[in-house]
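Here's the letter readout for the chains.
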Amino acid sequence: MQDREVVKCKGHTIQASCLHRILPKFDQFFKLDQCIVISRHSLAPYNTSINHTKNNQKLTFNMYTQIQRTVDWKGPKYCFSFVKFRDVVENVVPINSPVDFIGYVEACFNLEDTNKKDGTKGKRLNLKLKDIYDQQVTATLWDDFAIEMHGYFNNPNHEKHVVVLVHFGVVNMYKDQPGLSTSFDISKMWIIAELEEISSFKNSFTEKFASIPSSSDNVGSYLISSVEDSFMNNPSFVLTAFLGTIEKKKVILVGTVLAICSGKNWYYNACNYCKSGVEESFITVDKDDGSGEVEDRMTVLCTNTKCKGVDIVSLPRFKIPIRVQDSSGTVTLTLFDYVAYKIFKKTAKELLEVQDEELSSGDFSKGYPDVFNILIGQKMAFIISVSDFNLKYHVENYGISMLTSDPKILSALYEKFKIQEYEKSESSSVQLSDIQSIPCDVSKDDVSFSGDNQTPMSNLLHNDHKSSSSGEVKRNLHEMYDVDDMVGCSSTKRRLGDEKEEVQNSESSNLLIPKIEK
């Protein structure tokens, strides 16, 4: 059976089906954008899991069917019915539903290789899209669509503001989040075509930018550069001892992963809309059975006051604290969701389910999944974000935007920043064998990943600080961030807090202090 998509005269669509044995008779008419007149056809039920036409009947051809080409077409060439992004993220539109979508491309990620079910290789490209109402959604392009879009963004002459339109796309699920995708066999995509829909959308978006003063310097649609480019084009290299002395920026740090901070949570419960933390509480409500009785129900609230999500669901996301050492000291870095998922190939939700099973069987002692141990002992380069939050509250815990253990990139960084000279001149007082509490075999596979460039938990804490006293801020930081109480960020630089603690200890000790006679 051969399926074809045709457009009826009123602008509606219907699936068409032709048997293989009579296909040669009509194949010459089945060309993209061909206008044809069909007579003596039949209708049959159309039952399928993904129905791109939303029509429960299909057009069928037989030996008596007649087809003629024509140019006398009065209807629209394309019949778009664009889905609202909010309906996608709020699960109003079911997964696998066929949709058309149009959106402003905020970011184009790297082209990735994929393995298809038939054993062949494919291509995947993720986009961050935004609609006219500022609702964001992730869209996935496959194979030829992915290659075309990535090639367009690599053209230095591409337009500043990029709009993509996909006909016959589908609602999909990506990393436990609803999103959009091209279909493997029927989708059509436009980027720079002179379609009225694209022109109208782009004009509305650019007018919106112009009306907001803070958006006047908008960089436009941008391409997330490759891992190698991101490291080699970043001029800022820093040793851990000097992290507290620099301004807000993204910097490169090269060091060895010493340990996973087992005393800290490796995940947090996040809002499924904005990624900020959530609070769970119980409320008393009337029962649905109309009996007049009440019951307690759990409700989930996002701590981000700017979040516009409704029917919020708590979703576990990675927040893995690791200790990293270079020649000048040791610092805590945090792996967030995107980077961690690339390494472990599993979501935080999946690993949490494994942990729960191990806990129930009594076979869980470290406080984090075994798969995390592949990081320990690896020499890596990190791009970390020194944020306003770090500077304002002196938080010596930095979010990882990107990491790599690629020997070629590490070698290039050593040469560019003369790292070998720092390692010769600095002698670290902390050895790997002294800190690493859990021995493991280090994977020899190279990993190069890019990830989120923001620290979701800092957004959560920012709202709390506005109404908190300095004591509450300090307490919250120690609860929510991996700020070590006794170990300084640098092994060669003492913290002020450590000195104060030593003074307090000396004041409270029972030492006899002799008086000095004048």
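Everything that follows concerns the structure shown earlier in this document.
Residues numbered from 1 in each chain as written. Predicted model: local features only at pLDDT ≥ 70, side-chain atom pairs only at ≥ 80, totals over all residues. Heavy atoms only, no water.

## So, the overall build of the protein chain
The condition that has to hold: Here a strand is any run of E in DSSP of at least two residues, a helix any run of H or I of at least four, and the numbering for each starts at the N terminus. For every residue, the accessible area obtained with a 1.4 Å probe (protein chains only) is divided by the maximum for its type, and the residue is called buried under 20%, exposed over 50%, and partly exposed between those limits. Should any heavy atoms of two residues lie within 4.5 Å, those residues are counted as being in contact. A 1.4 Å probe and the Shrake-Rupley method give the accessible areas. Residues count as covered only by the protein chains that appear here.
Helix and strand content of the protein chain: 14 helices and 23 strands. Within the protein chain, the proportion of its 518 residues that are buried is 45%. Relative to all contacts within the protein chain whose residues are 6 or more apart in sequence, the contacts with residues 24 or more apart total 68%. Entry remark: accessible area of the protein chain is about 29100 Å², with carbon and sulfur atoms responsible for 49%.

## What to know about the environment of Ala-146
Mapped onto the fold, Ala-146 is located in helix α3 (residues 143-153). Accessibility expressed as a relative area gives 0% for Ala-146, which makes it buried. Counting along the chain gives 36 residues from Ala-146 to Thr-182, while the straight-line C-alpha distance between them is 9.4 Å. In this structure, Ala-146 is in contact with Leu-111, Lys-123, Arg-124, Leu-125 and Leu-141, ignoring residues within four places of it in sequence.

## A word on the environment of Asn-269
By the element assignment, Asn-269 lies in strand β16 (residues 267-271). Linking Asn-269 and Phe-318, residues 49 residues apart in sequence, is a C-alpha distance of 9.0 Å.

## With respect to the pattern of salt bridges
As a working rule, side chains carrying opposite charge can pair if their charged atoms are close by. Counted only if it meets this: Basic side-chain nitrogens of Lys or Arg form a salt bridge, by our definition, when they fall within 4 Å of a carboxyl oxygen of Asp or Glu.
Counted under the stated rule, the structure contains 13 salt bridges. One salt bridge connects Lys-123 with Asp-113, and the closest N-O pair in it is separated by 2.4 Å. Of this pair, Lys-123 sits in strand β9 (residues 121-130) while Asp-113 is found in strand β8 (residues 112-115), placing the two residues ten residues apart along the sequence. We classify Asp-113 as exposed; its relative accessible area is 58%.

## What to know about helix α9 (residues 407-417)
Cut-off, in case you're wondering: What the arc measures is the spread of directions leading from the helix axis to the C-beta atoms.
Those residues of α9 lying buried are Ile-409, Leu-410, Leu-413, Tyr-414 and Phe-417. The buried side chains of α9 occupy one side of the element, clustering within an arc of 140° when seen end-on. Residues of α9 that are exposed and point more than 90 degrees away from the buried face comprise Lys-408 and Glu-415. Considering only its buried residues, α9 is in contact with α5 (227-232), β15 (249-260), β21 (379-386), β22 (397-404) and α10 (419-425).

## Quick word on the environment of Met-173
Structurally, Met-173 is set in strand β11 (residues 163-174). Between the C-alpha atom of Met-173 and that of Thr-138, which follows or precedes it by 35 residues, the distance is 9.7 Å. Those residues within four positions of Met-173 in sequence are excluded, and the remaining contacts are Ile-95 and Pro-178.

## Details of the packing of aromatic side chains
For clarity, the cut-off: Centres within 6.5 Å make a pair out of two Phe, Tyr or Trp rings, where for Trp the six-membered ring is used; the pair is then stacked when the planes are under 30 degrees apart, edge-to-face when over 60, and tilted otherwise.
Inspection of the entire model under this criterion finds 17 aromatic pairs. Judged by centre distance (6.1 Å) and plane angle (35°), the ring pair of Phe-109 and Tyr-338 falls under tilted. Residue Phe-109 is found in the loop between β7 (98-108) and β8, and its partner Tyr-338 is found in helix α6 (residues 337-344); the two are separated by 229 residues along the sequence. Its relative accessible area of 12% is what places Tyr-338 among the buried residues. When the centroid spacing of 4.8 Å and the interplanar angle of 35° are considered together, the rings of Phe-344 and Phe-372 count as tilted. You can see Phe-344 sitting in helix α6 and its partner Phe-372 sitting in the loop between α7 (348-361) and β21, a full 28 residues away along the chain. Given a relative accessible area of 7%, Phe-344 falls into the buried group.

## Let's talk about the nonpolar core
For the record, the criterion: In these notes, a set of buried Ala, Val, Leu, Ile, Met, Phe, Trp, Tyr and Cys residues joined through side-chain atoms within 4.5 Å is what counts as a nonpolar core.
Formed by 33 residues in total, the largest nonpolar core has its most connected members in Leu-243, Ile-320, Ile-322 and Phe-382. Contributing elements (two or more residues each) for this core: β15, β19 (314-326), β20 (329-336), α6, α7, β21 and β22.

## A few points about the pairing of strand β10 (residues 136-142)
Heads up, the condition is: Pairing between strands is defined by DSSP: at least two bridges between them are needed.
Burial runs high along β10: five of the seven residues are buried. Across seven bridges, β9 lies against β10 in antiparallel orientation. Counterpart to Lys-130 in the pairing with β10 is Gln-136. Once β9 ends, the chain turns through five residues before running back antiparallel as β10, passing Asp-134 with a positive phi of about 70°. As judged from the two bridges shared by β10 and strand β12 (residues 177-182), these two strands associate in the parallel manner. Directly across from Ala-139, in β12, lies its bridge partner Leu-180.

## Focus on the side chain of Thr-256
With respect to the helices and strands, Thr-256 occurs in strand β15. Residues in contact with Thr-256, not counting those within four places in the same chain, are Arg-323, Val-324, Gln-325, Gly-377, Gln-378 and Lys-379.

## Some remarks on the side chain of His-161
Convention followed: Residues adjacent in sequence count toward polar contacts only when both atoms are side-chain atoms; beyond that, a polar contact is any pair of N or O atoms within 3.5 Å, and within protein one must be able to donate a hydrogen and the other to accept it.
On the secondary structure map, His-161 appears in the loop between α3 and β11. At 2.8 Å, the side chain of His-161 forms a polar contact with the side chain of Tyr-104.

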